[in-house]
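Coordinate analysis (summary)
Listed below, chain by chain, are the residues.
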Amino acid sequence: MPNYVDLVFDIPANSSFTYRIDSKAVACVGKRVMAPLGRRGALGFVVGERDMLPPNLEEEAVKSISRVIDKETIFDERDIELARWVSAYYLCSLGQALAAMIPSGKRNSDYPSFFDNDEMPAIALPLSEEQESALAAITAHDSAALRDQSFPMFYLYGVTGSGKTEVFLRAAEAMLKEGKSVIYLVPEISLTMQTADAIGKRFRGIAATLHSGMSPAARFTEWMKIRRGDVRVVVGPRSAVFAPVQNLGLIIIDEEHDGSYKSGSTPRYHARQVAMRRCKVKHARLVMGSATPSVEAWQLMDVAHGKTAGSAAPIMRLDLTKRLSGGKTPEIRIVPLTHSDGCLTKELKEEISKTAAMNRQTILFLNRRGFAYFYHCPDCGFELTCKHCSVSLTFHKARNRAICHYCGYSETPPAVCPQCGSLKAHYSGFGTESIEEEVRHTFPDLRIMRADADTTGGGKHIKETLEDFKNRQFDILLGTQMVAKGLNFPGVRLVGVVLADTGLHIPDFRATERTFSLIVQVAGRAGRYFPDGMVIVQTLRPTDPTITGACSLDLTSFFTAEIAQRAALNFPPWTRLIHFVVRSKDGSRADRAVTRLASIVQPLLPRDADMLGPAECPLGRIAENYRYHILLRGKTMSTLHAAARAASLLYDKGRDNQAYLEIDVDPVSLM
């Protein structure tokens with residue numbers, strides 16, 4: 001019987017801590033315990049047992065654990081091994097990796113499964129020839145991908161409404177028949193309710209969901225069902241990639257391009273990368289899908305169903321080119337917004353009226369909340385910005401507040417310029433709130449629903465809003481990107497993109513990719529069941545190649561140009577990146593710390609890598625923290641990793657305790 005246990009905690013410490021075992025000796029690997037850490041008690045994960053103390057550790061210095069939380073083990077050596085990989089790849093501690101993987105809370109035996117209901121399982125839909133071909137490739141035992149790598153990867157590249165979900169579900173059914181388990185990832189559970197419901201109905205009794213909107217007890221209960229093998233199909237957003245399924249056979253990543261698969265806090269993992277790792281270890285299949293793949297996925301795909309640059313592609317591309325259910329590709333029109341009096345052009349107003357007369361529905365999309373977003377004084381140049389962040393305050397008319405969308409700070413909008421007293425100072429620009437006001441004024445007889453973060457307080461409310469729209473209780477649905485993702489509304493004829501180029505102004509190398517994807521995705525909501533779908537794309541930049549390419553649905557030309565541009569700029573997918581951000585309440589401390597970090601990193605970089613910065617972040621101040629960054633760029637991740645890891649260890653030895661370092665491997669944003 002061991003006398004000591006090794007614990008790791010959710011802190012940035014690269015070593016484990018040894019504690020004396022509890023008197024009843026119930027602590028063991030795979031359980032959580034409470035233990036003293038410094039002057040406080042902390043939640044620890046037992047990752048090792050030992051009979052003897054480590055060298056250089058005296059018996060009197062060893063503390064005892066306070067109590068054991070779990071009656072049964074909640075993670076095993078496979079989970080620890082995956083956490084070690086996450087720790088090594090994303091340059092975080094083992095404790096931070098385990099904390100991200102394993103739900104908090106304790107078991108609640110009364111919690112019902114998300115999918116426990118009395119509905120009969122949904123009947124599988126008939127497949128088209130393209131769907132049959134794709135499914136055969138995915139489920140084939142002699143897959144061509146197996147000849148080149150330890151696990152097969154597939155990409156279901158299909159236009160919106162082409163039936164990707166049904167192929168995913170059929171592939172999952174095939175895995176279940178082989179006695180294997182499936183993880184089905186969706187971007188955000190609240191925005192993909194239709195997909196989640198379809199999975200629940202198809203696999204009732206053996207399906208469960210894992211997502212952050214659940215209570216800790218609910219997530220923990222589902223986690224234990226999955227560990228025991230009672231659940232064989234797990235659906236959820238990025239954190240579900242860690243689900244402890246038994247005998248993993250398939251991971252599905254729906255809407256692979258979506259940025260929400262990347263974690264915004266430590267560890268800053270990407271679900272796609274973790275899925276690849278799990279599939280490689282288990283020799284499981286990985287199937288991704290989207291109408292707008294990420295640039296990285298497109299580069300890896302076989303764009304001609306055979307070869308890229310004379311060699312077999314790492315990802316086998318499977319095409320779905322036809323809309324099902326009677327729909328056709330909608331007509332897409334670009335309409336300049338420059339000479340319009342309000343937010344809606346004459347062309348868009350006419351199409352809304354025509355759609356309403358046909359007893360059909362309209363979706364209006366603008367990826368900006370609030371009423372107006374930029375307060376400026378033409379006399380003295382004053383701009384109203386957040387006191388804690390280097391961003392403008394957005395005016396929310398319903399609350400009569402100017403609000404920061406980063407830290408939540410708000411104040412009453414000024415009646416005159418706070419700096420010079422001018423009456424000419426005013427708000428400009430428009431958001432969903434001002435669009436709603438104009439639409440209600442223009443179409444007083446139509447039923448209008450706005451769906452954004454200000455009107456939908458939680459997942460249940462979002463689901464109810466979307467269900468009401470699907471059931472024709474509203475004529476117009478107006479919203480941000482939550483109305484653009486994975487939704488299937490039979491009654492929608494018209495989609496209006498109120499301002500297509502908002503994302504193009506962001507100083508980030510992925511800005512054009514995100515804008516292109518968003519336009520194509522939201523356009524895909526139109527005419528899914530009828531051949532008369534219409535999309536009006538309003539823009540201030542009607543000749544911009546990103547806008548014109550998205551409206552012509554010419555993905556091949558866009559990706560060819562974008563990948564060439566990335567090559568010229570030496571950015572992914574041609575290189576790999578590691579992003580260091582130093583933040584502090586004191587700007588001078590942050591500046592000194594990042595300068596010191598840069599001096600440490602520079603001599604450690606290999607010949608095929610370089611460093612950009614140090615410089616102030618594009619968002620130089622958030623929540624009273626001043627932010628500076630450096631960017632490491634190289635041809636291979638292995639050499640970058642070595643330099644970044646060595647630099648972070650050297651930096652820690654003399655670091656300023658009031659300056660905090662964040663490390664982001666494979667960043668999706670450099671803001």
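Figured I'd write up the structure that's included with this text. (Residues numbered from 1 in each chain as written. Predicted model: local features only at pLDDT ≥ 70, side-chain atom pairs only at ≥ 80, totals over all residues. Heavy atoms only, no water.)

**Looking at helix α3 (residues 129–139)**
So the rule is basically this: Under the scheme applied here, a residue whose accessible area is under 20% of the maximum for its type counts as buried, over 50% as exposed, and between as partly exposed, the area being computed with a 1.4 Å probe on protein chains only. Segments assigned H or I by DSSP are reported as helices when at least four residues long, segments assigned E as strands when at least two residues long, and all are numbered from the N terminus. The arc in question is the one traced by the directions running from the helix axis out to the C-beta atoms. We call two residues in contact whenever any of their non-hydrogen atoms come within 4.5 Å of each other.
Among all positions of α3, only Gln131, Ala134, Leu135, Ala137 and Ile138 are buried. For α3, the arc enclosing every buried residue in end-on projection is 160 degrees, short of the 170-degree limit, so these residues lie on one face. Against the buried residues of α3 lie β6 (153–158), α4 (164–177), β11 (285–290) and β12 (316–320).

**Details of the packing of aromatic side chains**
Note the threshold: By convention, a stacked pair of Phe, Tyr or Trp rings (six-membered ring in the case of Trp) has centres within 6.5 Å and planes under 30 degrees apart, an edge-to-face pair has planes over 60 apart, and any other such pair is tilted.
Evaluated as defined, the whole model comprises 18 aromatic pairs. Judged by centre distance (5.0 Å) and plane angle (70 degrees), the ring pair of phenylalanine 242 and tyrosine 269 falls under edge-to-face. Placement of the pair is phenylalanine 242 in the loop between β9 (233–236) and β10 (248–254) and tyrosine 269 in the loop between β10 and α7 (271–282), with a sequence separation of 27 residues. A relative accessible area of 2% means that phenylalanine 242 is categorised as buried. Grouped by ring-pair contacts, the aromatic residues Tyr157, Trp298, Phe516, Phe558 and Phe559 constitute a single cluster.

**Some points on the nonpolar core**
To be explicit about the condition: Remark: nonpolar core denotes a set of buried residues (Ala, Val, Leu, Ile, Met, Phe, Trp, Tyr, Cys) joined through side-chain atoms within 4.5 Å.
Among the nonpolar cores identified, the biggest contains 130 residues, and Leu286 and Ile578 are the most heavily contacted of them. By residue number, the principal contributor to this core is helix α15 (residues 587–601), which donates seven residues. For leucine 286, the residues in contact, after removing those within four places along its chain, are Phe151, Pro152, Met153, Phe154, Ile251, Ile253, Ala275, Met276 and Cys279. With 27 residues, the next largest nonpolar core counts Met175, Phe203, Val233 and Leu250 among its residues.

**Observations regarding the pairing of β6**
Put simply, the rule reads: A pair of strands is considered paired only if DSSP assigns at least 2 bridges between the two.
In terms of residue burial, β6 counts as a mostly covered element, since six of its six residues are buried. Sheet topology places β6 next to β12; five bridges connect them, and they run parallel. In the sheet register, leucine 156 faces β12, and the bridge partner there is leucine 318.

**Thoughts on the environment of serine 557**
What counts is decided by this rule: Polar contacts, as counted here, are pairs of nitrogen or oxygen atoms within 3.5 Å of one another; within protein the pair requires one atom able to donate a hydrogen and one able to accept it, and residues that are adjacent in sequence qualify only if both atoms are side-chain atoms.
Relative to the assigned elements, serine 557 resides in helix α14 (residues 555–569). Serine 557 sits in the partly exposed class, given a relative accessible area of 42%. Linking serine 557 and serine 599, residues 42 residues apart in sequence, is a C-alpha distance of 41 Å. Here the side chain of serine 557 touches aspartate 554 through a polar contact of 2.6 Å, side chain to side chain.

**Focus on the sheet that holds strand β14 (residues 361–365)**
Using the following cut-off: Every angle, taken between N-to-C directions, lies between 0 and 180 degrees, and every axis is a line fitted to C-alpha atoms, over only the stretch in contact when it is a helix.
The strand order across the open sheet formed by six strands is β13-β23-β22-β14-β21-β20, and the pairing between neighbours is parallel. Here the strands that pair on one side only, and so sit at the sheet edges, are β13 (331–336) and β20 (448–451). Each strand axis lies, on average, 15 degrees off the axis of its neighbour in the sheet, ignoring direction. The sheet contact formed by strand β22 (residues 492–497) and strand β23 (residues 534–539) spans four bridges and is parallel. Residue pairing in the sheet places leucine 494 in a bridge with methionine 534 of β23.

**What to know about the packing of helix α1 (residues 77–89) against α7**
Stated precisely, the cut-off is as follows: Angles below 35 degrees are treated as roughly parallel, those above 145 as roughly antiparallel, those between 65 and 115 as roughly perpendicular, and all remaining angles as oblique. Two helices that cross are described as forming a left-handed crossing if the nearer one is turned anticlockwise from the farther one by less than a right angle, and a right-handed crossing if clockwise. Each residue gets one label: Ala, Val, Leu, Ile, Met, Phe, Trp, Tyr, Cys and Pro are nonpolar, Asp, Glu, Lys and Arg are charged, and the others, such as Gly, are polar.
In contact at an axis separation of 11 Å, α1 and α7 are set at 135 degrees when each is read in the N-to-C sense. In terms of axis orientation, α1 runs oblique to α7. At the point where α1 passes α7, the crossing takes the right-handed sense. Across the interface between the two elements, Arg78, Leu82, Trp85 and Tyr89 from α1 touch Gln273, Val274, Arg277, Arg278 and Lys282 from α7. Partitioned by chemical class, the residues of the contact of α1 with α7 number four nonpolar, one polar and four charged.

**Describing the pairing of β11**
The side chains of a regular strand alternate, residue by residue, between the two faces of the sheet. Quick note on the threshold: By definition, the crossover connecting two strands over a helix is right-handed if that path, from the first strand to the second, turns clockwise as seen with the strands pointing away from the viewer.
Taken across its six residues, β11 has six buried, putting it largely inside the fold. Side chains Arg285, Val287 and Gly289 project from β11 onto one buried face, and the interleaved Leu286, Met288 and Ser290 project onto a second face that is buried too. Relative to β11, β6 runs parallel, the two sharing five bridges. Opposite tyrosine 157, over in β11, you have serine 290 as the bridge partner. Where β10 meets β11, five bridges bridge the pair, whose relative direction is parallel. Bridge assignment links isoleucine 252 to a residue of β11, and that residue is valine 287. Tracing the backbone out of β10, into α7 and back to the parallel element β11 gives a crossover that is right-handed.

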